[in-house]
Amino acid sequence: MPAFTIKAPADFDLPRDACSYGYFLLAPNHWDPASSTLWRVMATGGGRAALLAVRQRGPGAPLRVTTGATLRPQDRARVEAGLVRMLRLDESAERIAAFHAADPRFKASGRGRLFRSPSLHEDIVKTVTSCNVTWPSTVTMNERLCEVFGVRCAVGESWAAHAFPEAARLAKASPAALRARCRVGYRDTRLVELSKLMCTSARHGGIDGAWLEDPGTPDQAVFDRLIELPGIGPYAAANIMQLLGRYGRLPLDTESVRHGRAVLGMKGTAASIMKRVHRHFAPFGEHAFRSYWFELWEWYESRHGAASTWERSKVARLFTAAALNKSGASHG
DNA sequence: GGTAGACCTGGACGC
DNA sequence: GCGTCCAGGTCTACC
């Protein structure tokens, strides 16, 4: 099998850092607990896609990327850039250390990197498919978006045959097709509009990915721009911001309320608990989201084992509201 | 500025 | 197996 390696930061640990956010469970990502391998079909341009298998011998070791076929240099560059973004391989040790200084609870485990997608477009679509819906439906929507609109890989398993659809492809899709074939419901038009905006230049009102990704752009300006977009409200905007590496805002949802009640011992209405959760994590400042998220994530792992051991076929059932409430009630 | 109701899907539950 | 209820964040209309 053709393969190449990518240098990893000294503290990088693939099972911990890939399985650090729920998107590692969403198509076209596939984590294999038995072999600690991250599988993914990634579009390489020109209507082609490659099946990737990413492994690491141990923390700090280079990542070995096996591909189904030999990649052209430009395709390999695109794949490598996508993996760097997904796994946040370019996040500096200084920034991770600053987080650990702000919240020493996670220094020993080394947590700091949060899994994301190879593109901002995929992160935005995944965020929209997670709004106003339970987790199993989010899983289904992403699987079907890949199956219906993603480039098919020449070499692939049944669970990893298609890449995530590129913005240009979804921009041309009909909302009715998204609704009927991908079960996205009323999100149909919003997803098409968002994809069109991704393909439109900033000068003509499109989404300026480079400006949003630029650390020099103020957080408030990013939030103000995101919340203008169709289908993006306060929760989604804050979630996209953490995916952009801006951790000062908390994307609070009903799961945050459950966490506030079950783990932090808060009482009262959902609205009052949301305000208190905000206040609770405010002292962590620009690191607030990571403190919140890793606290939540470690609570999940205390119930179900390390995320890197979760079986894809079983995990969707663990994250239904009913299951989480039962778990919180019995343990919290 | 704050609030109520619609939006759509799928899981849970009762019969 | 079928019907009903409910969870979930955003958007719009209305006060």
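Quick notes on the rules
Residues numbered from 1 in each chain as written. Chains lettered and ligands numbered in written order. Predicted model: local features only at pLDDT ≥ 70, side-chain atom pairs only at ≥ 80, totals over all residues. Heavy atoms only, no water. Near = heavy atom within 4 Å. Polar contact = N/O pair within 3.5 Å; in protein donor to acceptor, adjacent residues only side chain to side chain. Helix = DSSP H or I, 4+ residues; strand = E, 2+ residues; numbered from the N terminus. Buried < 20%, exposed > 50% of the residue type's maximum accessible area, 1.4 Å probe, protein only. Nonpolar A, V, L, I, M, F, W, Y, C, P; charged D, E, K, R; others polar. Axes fitted to C-alpha atoms, helices over the stretch in contact; angles between N-to-C directions. Parallel < 35°, antiparallel > 145°, perpendicular 65-115°, else oblique. Contact = heavy atoms within 4.5 Å. 1 Å grid on protein atoms, 1.4 Å probe; cavity = no way out; pocket = protein on both sides within 12 Å on 5 of 7 lines; lining within 4 Å. Points joined across faces, edges and corners; volume = space filled by probe spheres on them. Domains from an automatic or database assignment.

**Q** Explain the protein's contact with DNA strand B residue by residue, including any values.
**A** For DNA strand B, the full set of nearby residues is N132, S137, R179, R183, G185 and Y186. Here DNA strand B approaches the protein such that, of its atoms within 4 Å, sugar and phosphate make up 91%. The side chain of R183 places a nitrogen or oxygen atom 3.3 Å from a phosphate oxygen of DNA strand B.

**Q** For unusual backbone geometry, give the residues involved together with the corresponding values.
**A** In the segment running from A27 into P28, the intervening peptide bond is cis, with an omega of 5°. With phi around 55°, R88 is a residue other than glycine that occupies positive phi space. Tracing the backbone shows R88 in the loop between α2 (73–87) and α3 (93–102). R88 sits in the buried class, given a relative accessible area of 3%.

**Q** Give me the lowdown on the protein's contact with DNA strand C, citing residues and values where you can.
**A** As a matter of local geometry, DNA strand C sits amid 16 residues, with N132, G231, A236, D253 and T254 nearest to it. The sugar-phosphate backbone supplies 60% of the atoms of DNA strand C found within 4 Å of the protein. Between DNA strand C and Y235 there is a distance of 3.3 Å, counted from a phosphate oxygen to a backbone nitrogen or oxygen. Here a sugar or linking oxygen of DNA strand C sits 3.0 Å away from a polar atom, N or O, in the side chain of T254. The greatest single-element share of the surface near DNA strand C, amounting to three residues, is contributed by helix α11 (residues 234–243). In terms of residue class, the surface near DNA strand C is made up of 10 nonpolar, four polar and two charged.

**Q** How would you explain the packing of helix α12 (residues 254–262) against helix α14 (residues 288–304) if you had to name every residue and give the values?
**A** Packing of α12 against α14 leaves a shortest axis separation of 12 Å and a crossing angle of 70°. Classified by the angle their axes make, α12 and α14 are roughly perpendicular. Within the contact between the two elements, α12 uses E255, S256, R258 and H259 and α14 uses Y292, E295, L296, W299 and Y300. Grouping the constituent residues of the contact of α12 with α14 by class yields four nonpolar, two polar and three charged.

**Q** Let's hear about the layout of surface pockets: which residues, and what values?
**A** Volume-wise, the second largest pocket comes out at about 310 Å³. Surrounding the second largest pocket, 15 residues form its lining, R95, E213, P215, L244 and G245 being those nearest its centre. For the lining of the second largest pocket, the per-class residue count stands at four nonpolar, two polar and nine charged. A domain split of the lining of the second largest pocket shows at least three residues from each of domain 1 (1–117) and domain 2 (119–235).

Interpretation in functional terms is not warranted from these geometric data alone.
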